[in-house]
Amino acid sequence: MDADIKPTTHAVEAGALREVLPARPRMLALGEPIHGEDALLEVRNALFRQLVEQEGYRTIAIESDCLASLVVDDYVTSGAGTLDDVMERGFSHGWGASAANRALVRRLREHNDDRPASEQVRFAGFDGPLEITHAASPRHALTALHGYLAACVDTDLMPCTASALDDLLGADAPWTEPAAMRDPAESVGQSAEAGRLRLLADDMVALLDAHRPHAVAATSREAFDRARLYGRTATGLLRYHHAMADPSPARMTRLCALRDLMMADNLLALAERGPVLAHAQNSHFQREKSSMQMWQGRVEWWSAGALVSERLGEEYAFVATGLGTLRHHGVDTPPPDSLEGLLHALPEDRCLVDAPRLATALGDTRLARLARRTSPWFGYAPLDPDHLTSVDALLFLKDVPRSAPAAAARASSGRA
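To start, this report covers the structure provided alongside it. Predicted model, so just to flag it, every value in this text is computed and none were measured.

## Comments concerning empty space enclosed by the protein
Per the counting criterion, the structure on display carries one cavity of 30 Å³ or more. The space that makes up the largest cavity amounts to roughly 40 Å³. Around the largest cavity, the lining residues are L30, G31, E32, L40, V43, R44, H279, T321 and L395. A breakdown of the residues in the lining of the largest cavity according to their chemical character gives four nonpolar, three polar and two charged.

## Some points on the sheet that holds strand β3 (residues 59-65)
Taken in spatial order, the eight strands make up an open sheet running β1-β9-β10-β8-β2-β5-β3-β4, and their pairing is mixed. If you trace the sheet from one side to the other, it starts and ends with β1 (9-10) and β4 (122-127), each paired once. Where β1 and strand β9 (residues 350-354) come together, two bridges link them in antiparallel fashion. Across the sheet, the residue bridging to T9 is V353, located in β9. On top of the sheet, helix α13 (residues 304-312) reaches β2 (27-32) and β8 (316-325); it is set at about 145° to β8, its chief contact.

## Brief notes about the packing of helix α6 (residues 139-152) against helix α8 (residues 192-210)
In a pair of packed helices, the angle between the axes and the distance between the axes together describe the arrangement. One way to put it is that α6 packs onto α8 with a least axis distance of 11 Å and a crossing angle of 40°. Here α8 runs oblique to α6, going by the angle between their axes. The two elements α6 and α8 cross, and the hand of that crossing is left-handed. Residue-level contacts link L142, L145, H146, Y148 and L149 of α6 to L197, A201, M204, V205, L207 and L208 of α8. When its residues are assigned to classes, the contact of α6 with α8 shows 10 nonpolar, one polar and no charged.

## Overview of the environment of A39
For A39, the location among the structural elements is in helix α2 (residues 38-55). Between the C-alpha atom of A39 and that of S403, which follows or precedes it by 364 residues, the distance is 6.9 Å. Look past the residues within four positions of A39 in its chain and what remains in contact with it is L397, V400, P401 and S403.

## A closer look at the nonpolar core
Grouped burial of nonpolar side chains is what soluble globular proteins tend to show. In this structure, L28, F48, V105 and F123 are the most contacted members of the largest nonpolar core, which totals 44 residues. With seven residues, the single largest contributor to this core is α2. Those residues in contact with F48 that lie beyond four places of it in its chain are Y57, T59, I60, L104, L108, V121 and L277. Grouped together as the second largest cluster of nonpolar side chains are 39 residues, L270, F318, A359 and L388 included.

## Let's talk about the side chain of S390
Its place among the elements puts S390 in the loop between α15 (355-369) and β10 (393-399). A residue is classified by how much of its surface remains accessible, and S390, at 16% relative accessible area, is buried. Setting aside residues no more than four positions away along its own chain, S390 makes contact with R287 and E288.

## Quick look at the packing of helix α7 (residues 162-169) against α8
Close contact between α7 and α8 brings their axes to 9 Å; oriented N to C, the two are set at 140°. For the element pair α7 / α8, the angle class is oblique. Here L165, L168 and L169 of α7 come into contact with α8, specifically with E193, R196, L197 and L200. Class assignment for the residues of the contact of α7 with α8 results in five nonpolar, no polar and two charged.

## Description of the layout of surface pockets
One number sums up the size of the second largest pocket: a volume of about 580 Å³. For the second largest pocket, the lining is made up of 26 residues, of which R122, E222, D225, L270 and R273 are closest to its centre. At the level of elements, α3 (69-78), β4, α10 (221-244) and α11 (251-271) are the ones that each hand at least two residues to the lining of the second largest pocket. Top element by residues in the lining of the second largest pocket is α10. It accounts for seven residues. A class-by-class count of the residues in the lining of the second largest pocket yields eight nonpolar, seven polar and 11 charged.

The rules behind these values
- Residues numbered from 1 in each chain as written.
- Predicted model: local features only at pLDDT ≥ 70, side-chain atom pairs only at ≥ 80, totals over all residues.
- Heavy atoms only, no water.
- 1 Å grid on protein atoms, 1.4 Å probe; cavity = no way out; pocket = protein on both sides within 12 Å on 5 of 7 lines; lining within 4 Å.
- Points joined across faces, edges and corners; volume = space filled by probe spheres on them.
- Nonpolar A, V, L, I, M, F, W, Y, C, P; charged D, E, K, R; others polar.
- Pairing = 2+ DSSP bridges.
- Helix = DSSP H or I, 4+ residues; strand = E, 2+ residues; numbered from the N terminus.
- Contact = heavy atoms within 4.5 Å.
- Axes fitted to C-alpha atoms, helices over the stretch in contact; angles between N-to-C directions.
- Parallel < 35°, antiparallel > 145°, perpendicular 65-115°, else oblique.
- Left-handed = near helix turned anticlockwise from the far one by under 90°.
- Core = buried A, V, L, I, M, F, W, Y, C linked by side-chain atoms within 4.5 Å.
- Buried < 20%, exposed > 50% of the residue type's maximum accessible area, 1.4 Å probe, protein only.

Structure (structure tokens):
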């Protein structure tokens, strides 16, 4: 054990976060180095519960489809639907199969039961309706926005009819064509109809903003904010589809940047209503540029965290998560001279680390000499020691066990 770094560690508790962070954040971004491990999500759930009870947090946001998540939010705030249906329809990326996510939704519903709206805890997804294989049709977002405007704005002011919008959208299948992810010629994102839809989406968002006082009074702030979400998603999706049809070498860079821009816009909107715990892959929250090796070569772009941090300043805090072993994926004990190796030598199974204080304890010379850990499995991204000085805190788990199979987890959590 390294005695120099032991004083930088704390228990994984909301109170410790309060001591470590320089200010109370409006956006507390908790990263993870790997997706799909319930052990990490269980730590997230416990920490969020403490943040709700001790720090007044009222929103948790995860890296999931922002429109699909409305199904979850409706369930946890009003009990609409059933838990099984919500877990099936309310998550993207397969997150609905997670026992820890199911436990989170169940807990939020129990917490909100019989509480007034002002005391309820909300759920949100902040990713766009995007998968690695395809992007969604803009139909849902555009038609929902049009429907909201048509109900509270004079017909003469509407830029198009619902029928005209439907004609321009056409069938959903061309929009969601999986081949378009690798072949821009398969995308409809730069068709004449898509171009017209981009203009209409912009017009409708402008109309919504221009009539904000009346719209909020005629409906509610909640309904208006949901319409804003539809507007952000419609314009973001249409930009994304336009970039999918781009044959230039910058295509994948644009797509990655547009996805994180959608994330950032959603996070900033959520922060308007109070402090938020956001949860996603570490790379989406880091202040440095993100990078990835793809079939077109290496791409780099500014992450959602970098964009939000620039806007919120000290009201944005990033807690990166690292781990020691993930043996069921071949990730064994980290090298002792790596950042994870130093933390793995500590006696605690898990700890919260004051990252700036750790960097000071190590000193510039020792920090520069830390080995870069490599992972034998593509799904785990080790901590980058060069990023330590730009992280507000580290959450470290010494060993991560295999998650329970989805079917067993589902059976043990019960049905609703």
